[in-house]
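Examination of the molecular architecture
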Amino acid sequence: MVATPLASVPAEETLINALRGCSNQRELKDLEQRLAMVEGAPPLFDWICDLLVKRRLSSILAAKLLRQLHHS
């Protein structure tokens, strides 16, 4: 399935919902690639770290996502 490019940097809530909806590494990588095509969007790794620091993502979810990104 080909993901449609994002038109702009998503709102924080939209990104959090998208991250929660990623059920496997492939979906997370697809999201990372879509964000990489958006001008002004930070790298997904950095964005997840920022959300973790702001306590907008649980530490368990952030750890799972960061591990998947690191091992891909």
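First, a word on scope: everything that follows refers to the structure included in this document. (Residues numbered from 1 in each chain as written. Predicted model: local features only at pLDDT ≥ 70, side-chain atom pairs only at ≥ 80, totals over all residues. Heavy atoms only, no water.)

1. Section: the side chain of Lys29
Looking at the element boundaries, Lys29 is found in helix α2 (residues 25–36). Within polar-contact distance, the side chain of Lys29 engages the side chain of Glu32 at 2.3 Å. Those residues in contact with Lys29 that sit more than four places away from it in its chain are Leu69 and Ser72. (Helix = DSSP H or I, 4+ residues; strand = E, 2+ residues; numbered from the N terminus. Polar contact = N/O pair within 3.5 Å; in protein donor to acceptor, adjacent residues only side chain to side chain. Contact = heavy atoms within 4.5 Å.)

2. Regarding the state of the cysteines
Following the criterion strictly, the structure yields 0 disulfides and no others. In this structure Cys22 is a free cysteine whose sulfur lies 16 Å from that of Cys49, the closest cysteine sulfur available. Cys49 gets classed as partly exposed once you look at its relative accessible area, which sits at 24%. (Disulfide = S-S within 2.5 Å. Buried < 20%, exposed > 50% of the residue type's maximum accessible area, 1.4 Å probe, protein only.)

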